[in-house]
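Structure assessment
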Number of protein chains: 2
Amino acid sequence: MRITRYIVITLAAATFLTGQGMHRETAERMKDRGLSTLDSYEMLKELTGTIGHRLSGSDGYEKAVLWSQRRLKEAGADSVWTEPVMVPRWVRGPVEKAFARSGGKNHELTVCALGGTVGTEKKGVTGRVIEVRSFDDVRALGESAKGAVLFFNRPFDRTRVNTGEAYGGAVNQRGSGAIEAAKVGAVGVIVRSMTNAMDDEPHTGAMRYDSAVPKIPAAAVSTMDAEMLSALLKKDPGTTVTIQLSAQSHPDVLSSNVIGEIRGSEFPEQIVLVGGHLDSWDKGTGAHDDGSGVAQSIEVIKLMKALGLRPKRTIRVVLFANEENGLKGALAYASRDANVRERHIAAIESDAGGFLPRGFGISADSIKFGKLTQYASLLDVVGAGKITAGGGGADIGPLKPFGTALIGLSPESQRYFDYHHSNHDTIDKVHPRELELGAIAMAILSWAIAQDGL
Amino acid sequence: MRITRYIVITLAAATFLTGQGMHRETAERMKDRGLSTLDSYEMLKELTGTIGHRLSGSDGYEKAVLWSQRRLKEAGADSVWTEPVMVPRWVRGPVEKAFARSGGKNHELTVCALGGTVGTEKKGVTGRVIEVRSFDDVRALGESAKGAVLFFNRPFDRTRVNTGEAYGGAVNQRGSGAIEAAKVGAVGVIVRSMTNAMDDEPHTGAMRYDSAVPKIPAAAVSTMDAEMLSALLKKDPGTTVTIQLSAQSHPDVLSSNVIGEIRGSEFPEQIVLVGGHLDSWDKGTGAHDDGSGVAQSIEVIKLMKALGLRPKRTIRVVLFANEENGLKGALAYASRDANVRERHIAAIESDAGGFLPRGFGISADSIKFGKLTQYASLLDVVGAGKITAGGGGADIGPLKPFGTALIGLSPESQRYFDYHHSNHDTIDKVHPRELELGAIAMAILSWAIAQDGL
């Protein structure tokens, strides 16, 4: 009995090693092809250059739907289709201004509307500014906040090496600041931009309302002006701020997820999903967020077809609608009827920027996690062998109930929030080889899973 | 006997673990302080902004000698001094032009003189262009190369993930191309710039002559113009190129290495060297190459002093003269009389750019290498835990005969050669946090070695 078991284990190990060996040659071919052609960059350049930004409900988004279908077909996908989804339509409008007033003088502030905010009357809303750093601070204000504009100014924790952690530690101010401020009677909020960069660029992003309290206008202010406003307040606690926004929410509109796949030769109903989100904010051109994930995902198919590879399991690219302000594309995808007969064994998302890949973060049970960590040395072909526990992506998160292994590409994080959700998120901030190395890493991992199962 | 030995090993392990634990707290403090202040970036900004480039023998270099002494004192070094070294003085001069002539038309080429080249007469040298990719190609030309201008156009191997390897595979064209070309009677050489980037920027760098053959002028051409010239040659093999250079070599001049240290409290004669080179090419401002290494090295001392740390062994910053075109600073340092009584146990060099650190490359015997790899998890505090065999740096290489462990900081390599030795190597290409993370990694490693010995 023990001998039999020993043999089985040895055979299994041998098979696995052979598999690794075969994958290694494929990985090397993917690397050589990818780094020679840099097709992901060429696609991203076209997407950002000819279409630009693509907020849900905008013409830009619908152009991107057509563009990505064409590109998936050109890449060689066996089939390409769209799936419908209703998405919100919020429009920034031409006016987003603010100024502080102190000692009879006006100080213009560089601001932008937060995504989803209500607009203001033409004259704007004006109130005494109160600087806060936390929701505890807000609650402590009580009655004194009535009629005020709350200024959320808790910066990123710069000592975090991973800037995503710093973002996570600050972003509740943007997401829920208007709700908490409205609870104590404030008339508007100004939120310090979510970035480590010290510059004069405001960063937008999603914010929420709560039907139990009034909807008050919310704007992001550049970090430089946040520092200036804070200094002004120290000298003159009576400083007021006026916010003028022309933002408007419109009824939901019909839109689409875009899907393309290479059908598996042996187990076509088993899916390895690869994706990112096709929408972006309406600042910059969404080059890193998440044009990079879109281009890299299409490149996964392009690389495989160019090398004449047919996977045993289906490799499916899903370009999700509406990640930025609703996640409606992801929710619609997870609730498809087809998911009953199909089985998503793994989903790999790239939505942390097109920077140099270091590895993948994985949320899965320990058996699957253990299996996936064995691909570390394979992924080191492109230096992306750092497998860590936890991670995934907003769009693939809703697949969790299916037992799908959720896998997020982990690129370098230092520069991401310098550009994120701002006019700085443009193609010149993307390095062709760094972007492509991420695409190759995704291709290697999705290929290995499609061949070996999970 | 076996029991005794077991106890000894256990105690040693316990001591080591305690040491790791203590180092961990120090490493965290270094990280928090470094990322909060970003002093390395502030220093690099001042060095590149107020002094600019600093080629050996130039005023810029001597200003950098004064600047770095002041900065080392301000950082809190116990002592700061210079050591003399004679260095070459090569001056580019105002003229570096070239044009191709084909079908009666001139095509200007974007070129720059390679470092060390002779100049030309005012009218330049003109010859039929012959494109070559290797020294074998050159030898095969034989007599037909007489009077020609050889055009070395072997590009970087783009499939190399590590761009340093691609550089290593191409750079002999720049270093020895003029020698090989002169052997077959060529009158000049044009060398494709050493970069993966496709743009119109020429990259300089060192080239050599051989006293056995004539010194012929050598220039680098931008990658875009290399492609253009190659295309032109395919249409018209009779294309000529004219090169005009005003470069001149002058007699050697007296210069200095700059040194500052924190003296060890227990074993002051044992040295952990931390350094980079203070000279740069005369293009751009040497921000990555090697202003970054200079600023990071001074920051090592600044971090330790700011945190009130005194190492058991001496931590010495050495800023080497003349790495780019002679290595005279490094050779002088390795031949100091003082090296007889001092013992350099380890030397850490940063000369691969101020990009995000991934780890360290180490050249040492296996016992020392094994000891140093145990610091991997400690270095992971700043994500720099990838310890690889091989590596070091040009300036610390001459210390090898002393048994010194030679350690090179390994930053991300994708962007380095986009800027290297060109007008693009400026402060805007350096990310403050990425630079600082490298400095912190060097501080952590030098501290651990200084406490534990090697």
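Overview of the relation of the copies chain A and chain B
By a simple turn and slide, chain A fits onto chain B: the slide is 0.0 Å along the axis, the RMSD is 0.0 Å, and the turn is 180°. What we have between these two chains is a two-fold relation. Counting the interface residues of chain A, we find that 100% of their copies in chain B are interface residues as well, pointing to one common contact surface.

A word on the packing of helix α2 (residues 39-51) of chain B against helix α3 (residues 59-75) of chain B
Two quantities define a packed helix pair, namely the angle between the axes and the distance from one axis to the other. Residue and element names in this part refer to chain B. The geometry of α2 relative to α3 is characterised by a closest axis approach of 10 Å and an angle of 150° between their N-to-C directions. By the criterion of interaxial angle, the relationship of α2 to α3 is roughly antiparallel. In this structure, α2 crosses over α3, and the sense of that crossing is right-handed. Residues M43, L47 and I51 of α2 pack against G60, K63, A64, W67 and R71 of α3. The residue inventory of the contact of α2 with α3, partitioned by class, reads five nonpolar, one polar and two charged.

Topic: the domain arrangement of chain A
Residues and elements named next belong to chain A. In terms of domain boundaries, chain A breaks down into domain 1 (23-90 + 251-452) and domain 2 (93-246). With centres defined by C-alpha atoms, the gap from domain 1 to domain 2 works out at 33 Å. Listed by partner, the interface residues are 16 residues for domain 1 and 17 residues for domain 2. Counted by class, the side of domain 1 that touches domain 2 contains five nonpolar, eight polar and three charged residues.

Topic: helix α6 (residues 172-183) of chain B
All names here are of chain B. The terminal C-alpha atoms of α6, which comprises 12 residues, lie 15 Å apart, in line with the 16 Å expected from a rise of 1.5 Å per residue. Where α6 is concerned, the buried positions are Q173, R174, G177, A178, I179, E180, A181 and A182. In the stretch just after α6, G185 is the one whose phi turns positive, near 90°.

Remarks on the sheet that holds strand β2 (residues 96-102) of chain A
Strands belonging to one sheet form pairs held by backbone hydrogen bonds; the direction of such a pair is parallel or antiparallel. Residue and element names in this part refer to chain A. The strand order across the open sheet formed by eight strands is β3-β2-β9-β5-β6-β7-β8-β4, and the pairing between neighbours is mixed. In the strand order of this sheet, the two ends are held by β3 (105-109) and β4 (111-113), each with one partner. Across the sheet, the axes of successive neighbouring strands diverge by a mean angle of 30°, strand direction being ignored. Of the strands in this sheet, β6 (149-152), β7 (188-192) and β8 (218-221) touch helix α6 (residues 172-183), which is tilted by about 155° from β7. Strand contacts of helix α7 (residues 223-235): β2, β3, β5 (125-132), β6, β7 and β8, with the helix running at about 90° to β5, the strand carrying the most contacts.

Section: the sheet that holds strand β16 (residues 405-411) of chain A
All names here are of chain A. Across the sheet, eight strands lie side by side as β1-β10-β12-β11-β13-β16-β14-β15; this open sheet has mixed pairing. The sheet terminates laterally at β1 (79-91) and β15 (386-389), the two strands that pair on one side only. Between one strand axis and the next, the sheet turns by 25° as a mean value, whatever way the strands run. In this structure, strand β11 (residues 267-277) lies alongside strand β12 (residues 313-320), joined through eight bridges in parallel fashion. Bridging across to β12, F267 finds its partner in R313. Helix α3 (residues 59-75) contacts β1, β10 (248-262) and β12 of the sheet and is inclined by roughly 0° relative to β10.

Some thoughts on the interface of chain A and chain B
Each partner contributes residues to the interface: chain A has 18 residues there, and chain B has 18 residues. Of all the secondary-structure elements, those providing two or more residues to the side of chain A that touches chain B are α1 (2-37) and α13 (432-452) of chain A. Split by residue class, the side of chain A that touches chain B holds five nonpolar, six polar and seven charged.

A closer look at the packing of helix α2 (residues 39-51) of chain A against helix α8 (residues 287-306) of chain A
Residue and element names in this part refer to chain A. Between α2 and α8, the least distance of the axes is 8 Å, while the angle of their chain directions is 135°. Taken together, α2 and α8 sit at an angle that is classed as oblique. The handedness of the crossing between α2 and α8 is right-handed. From α2, D39, S40, M43, L44, L47 and T48 reach across to α8, where they touch A287, G291, S292, V294, A295, Q296, I298, E299 and K302.

A closer look at the pairing of β11(A)
Most of β11(A) sits inside the fold, with eight of its 11 residues counted as buried. Assessed by its sense of winding, the connection that carries the chain from β11(A) through α8(A) to β12(A) is right-handed.

Thoughts on unusual backbone geometry
Cis geometry marks the peptide bond from A:D289 to A:D290; its omega dihedral reads 0°. Note that A:D290 resides in helix α8. In the Ramachandran plot, B:N322 falls in the positive-phi region, its phi being about 60° despite a non-glycine side chain. Relative to the elements of secondary structure, B:N322 occurs in the loop between β12 (313-320) and α9 (328-334). Although it is not a glycine, B:H421 sits at a positive phi angle of roughly 60°. With respect to the helices and strands, B:H421 occurs in the loop between α12 (416-419) and α13 (432-452).

Topic: the environment of B:G147
Residue and element names in this part refer to chain B. Its location among the elements puts G147 in the loop between α4 (135-141) and β6 (149-152). Residue classification places G147 among the partly exposed positions, given that 13 C-beta atoms sit within 10 Å. Taking the C-alpha atoms as reference points, G147 and G127, separated by 20 residues in sequence, lie 5.8 Å from one another. Apart from the residues within four sequence positions on either side, G147 is in contact with G127, G185 and V187.

Cut-offs applied
Residues numbered from 1 in each chain as written. Chains lettered and ligands numbered in written order. Predicted model: local features only at pLDDT ≥ 70, side-chain atom pairs only at ≥ 80, totals over all residues. Least-squares fit on C-alpha atoms with pLDDT ≥ 70 in both. Contact = placed C-beta atoms within 7 Å. Axes fitted to C-alpha atoms, helices over the stretch in contact; angles between N-to-C directions. Helix = DSSP H or I, 4+ residues; strand = E, 2+ residues; numbered from the N terminus. Parallel < 35°, antiparallel > 145°, perpendicular 65-115°, else oblique. Left-handed = near helix turned anticlockwise from the far one by under 90°. Nonpolar A, V, L, I, M, F, W, Y, C, P; charged D, E, K, R; others polar. Domains from an automatic or database assignment. Expected span 1.5 Å × (residues − 1). Buried ≥ 20, exposed ≤ 12 C-beta atoms within 10 Å, placed from the backbone. Pairing = 2+ DSSP bridges. Right-handed = clockwise from strand over helix to strand, strands pointing away.

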